[in-house]
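Summary of structural features
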Amino acid sequence: MQASLDNEVQRLYHKLHPLGWSRDDCELIAPTTLEINTLKHQQNAVILAHSYQTPDIMYGVGDYVGDSYGLSVQATEHPAQKIIFCSVYFMGETAKLLNPGKQVLVPRVAGCSLADSISGAQVRALRREHPQAGVVCYVNTYAEVKAESDACCTSANAVEVVEAMPQDEILFIPDRLMGLNLDKISSKTIRTWDGTCIVHEGFNVDSVHDIRRRFPGVKILAHPECTPGLVAEVDYAGGTSGMLNYVRNSEAHTFMLVTECGLTDRFKAEFRDKEIVGTCILCPYMKEIQLDDVLKALKDPAPEQFIEIPADIAHRARASLDRMFELEREGRAILAERGTGALPWTA
Ligand code: 13P
Ligand code: SF4
């Protein structure tokens, strides 16, 4: 037992010391991570961790670390029948929609300022006000909102999905700033809702200018949930996986990530030869999830930790995710025909 605990401390230290964790810090969490990992194997469970989780979750117990949508798709290919999704609730719901036959649990019922900004009833009211418009919802929404939308989209395919919608007018919900960013590059008339991400709306374009002055040659990456003024000033805008690919393929040495701190930790751990500069902002919802909550989900789950979606909502929400794939393909063909190719958010 002591030998496996020592091995666990060693494993954690190897992963976490580049992020400033001491051996004492690792000794403190090792009994919990060891118990979680043992139960996970006994129960044939897989632990998914979003890139905005804390390093102890990402590297201590996560089997896969990734972006919101990619993780749910990954779960469909994994043989495990139980999924523990370490992230905010709407992401667990998306995993359940894509894996209806599997058990999906969340360590905490954690909100999100975007997902919490709109309900299914509000989408129905919007539709009555704008009957001529098509409704596209960002993946950061609850299943009841996806169920009332024509199609869902992610930050990676929003442009393609919107361009392929049959309507000229699009209600883009709930992220106002992403909607405004979309409006700058899309041929459609975009109407927005008043939701924002409390993390990304908090970044200020002055900090981007300041970092450029202080670090010549720096590449600045931002999430399209930031303001259009800021997105216009960066080298790349895209979701968390897009940023990861950009850094992986870039020759540059210094980067600033205009996003949540978890991604900064992840890049520091995974790109040890690169330098990450500037500040980040914590998402209080993402940071609600603690190792003890993950342990509870495996050992003694509370009813609210299981994701259950009423059948009629699940059916319609899944249709909006399936429609996303069709529209993404069509949108790519439309953009290629126009000679535009994939439109970057930074255009
Ligand atoms: P991704 O879809 O890129 O994982 O981002 C999720 C999110 O919450 C952004 O703030
Ligand atoms: Fe929601 Fe923003 Fe937190 Fe992502 S970072 S979960 S969009 S509040």
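This text gives an overview of the structure that appears in the document. (Residues numbered from 1 in each chain as written. Chains lettered and ligands numbered in written order. Predicted model: local features only at pLDDT ≥ 70, side-chain atom pairs only at ≥ 80, totals over all residues. Heavy atoms only, no water.)

The helix and strand tally for the protein chain stands at 15 helices and twelve strands. For the protein chain, the spread of C-alpha atoms along the three principal axes comes to 65 × 55 × 30 Å. Out of the 347 residues in the protein chain, the part that is buried amounts to 55%. Here the contacts in the protein chain between residues at least 6 apart in sequence split such that 62% fall between residues at least 24 apart. Carbon and sulfur atoms make up 50% of the accessible area of the protein chain, which totals about 14500 Å². (Helix = DSSP H or I, 4+ residues; strand = E, 2+ residues; numbered from the N terminus. Buried < 20%, exposed > 50% of the residue type's maximum accessible area, 1.4 Å probe, protein only. Contact = heavy atoms within 4.5 Å. Areas by Shrake-Rupley, 256 points an atom, 1.4 Å probe, with all protein chains shown as cover.)

Of all ten residues in helix 5 (residues 89-98), ten are buried; the element is thus mostly enclosed. Along helix 5, the positions that sit buried rather than exposed are Y89, F90, M91, G92, E93, T94, A95, K96, L97 and L98. Close packing links the buried residues of helix 5 with strand 1 (45-50), helix 4 (68-77), strand 3 (82-86), strand 4 (103-105), helix 7 (143-147) and helix 15 (311-337).

On to the site of ligand 2, then. In the vicinity of ligand 2, the residues found are Y52, C112, S113, L114, N140, C197, V199, E225, C283, Y285 and M286. Counted by class, the shell around ligand 2 contains eight nonpolar, two polar and one charged residues. (Near = heavy atom within 4 Å. Nonpolar A, V, L, I, M, F, W, Y, C, P; charged D, E, K, R; others polar.)

All right, on to the pairing of strand 9 (residues 219-222) then. Across four bridges, strand 9 lies against strand 11 (residues 254-258) in parallel orientation. Bridge pairing in strand 11 links I220 to M256. One ladder, built from two bridges, connects strand 9 with strand 10 (residues 236-237); its direction is parallel. When the bridges of strand 10 are listed, A222 appears paired with A237. (Pairing = 2+ DSSP bridges.)

A separate point is the site of ligand 1. For ligand 1, the full set of nearby residues is H50, Y52, D67, S68, M91, N140, H200, H223, E225, G239 and T240. At 2.9 Å, a side-chain N or O of T240 approaches an oxygen atom of ligand 1. Protein burial of ligand 1: of its 300 Å² of free accessible surface, 94% is covered by the chains. Residue composition of the shell around ligand 1, grouped by class: two nonpolar, seven polar and two charged. (Polar contact = N/O pair within 3.5 Å; in protein donor to acceptor, adjacent residues only side chain to side chain.)

Our focus in this paragraph is the packing of aromatic side chains. The description of an aromatic ring pair rests on the distance of the ring centres and on the angle between the ring planes. Applying the stated rule across the entire model yields four aromatic pairs. Ring geometry for Y89 and Y142: centres 6.4 Å apart, planes at 55°, overall tilted. Of this pair, Y89 sits in helix 5 while Y142 is found in the loop between strand 5 (134-138) and helix 7, placing the two residues 53 residues apart along the sequence. A single burial state applies to Y89 and to Y142, both of which are buried. The positively charged end of R23 is found above the aromatic ring belonging to Y13, 4.4 Å away from the centroid. (Phe/Tyr/Trp six-rings, centres within 6.5 Å; stacked < 30°, edge-to-face > 60°. Lys NZ or Arg CZ within 6 Å of the ring centre and 35° of its normal.)

As summarised here, the arrangement of the four strands in space is 2-1-3-4, forming an open sheet in which the pairing is parallel. Of all strands in the sheet, those with a lone pairing partner are strand 2 (64-66) and strand 4, marking the two edges. Strand-to-strand twist in this sheet, taken as the mean axis angle between neighbours without regard to direction, amounts to 20°. Running over the sheet, helix 14 (residues 291-299) touches strand 1, strand 3 and strand 4 and is turned about 165° from strand 3. (Axes fitted to C-alpha atoms, helices over the stretch in contact; angles between N-to-C directions.)

Here we come to the state of the cysteines. Taken as a whole, this structure holds one disulfide when the rule is applied. Here C261 pairs with C280 through a disulfide, and the sulfurs are 2.2 Å apart. In this structure, the disulfide formed by C261 and C280 twists by about 105° around the S-S bond and is classed as right-handed. Of this pair, C261 sits in helix 13 (residues 261-270) while C280 sits in the loop between strand 12 (275-277) and helix 14, and the two are 19 residues apart along the sequence. Counting only cysteine sulfurs, C197 is the nearest neighbor of C226, a cysteine outside any disulfide, at a range of 7.9 Å. (Disulfide = S-S within 2.5 Å.)

Note on helix geometry: an α-helix contains 3.6 residues per turn, so any two residues three or four positions apart are oriented the same way. With seven of ten residues buried, helix 13 lies mostly within the body of the structure. For helix 13, the set of buried residues is C261, G262, L263, T264, R266, F267 and A269. As for helix 13, its buried residues are in contact with helix 3 (55-60), strand 2, helix 12 (240-249), strand 11 and strand 12.

This part is about the side chain of E160. Tracing the chain through its elements places E160 in helix 8 (residues 158-164). For the buried E160, no salt bridge is present, and the opposite-charge side chain at shortest range is R332, 5.1 Å distant. Every residue in contact with E160, bar those within four places of it in the chain, is listed here: L327, E328, G331, R332, L335 and A342. (Lys, Arg positive; Asp, Glu negative; His and termini not counted. Salt bridge = Lys/Arg side-chain N within 4 Å of Asp/Glu carboxyl O.)

What follows covers the environment of R127. Summarising the element assignment, R127 is placed in helix 6 (residues 120-129). On a C-alpha basis, the gap between R127 and S149 in space is 9.3 Å, while along the polypeptide they are 22 residues apart. Once you skip the residues sitting within four places of it in the chain, R127 turns out to touch A133, V135, E148, S149 and D150.

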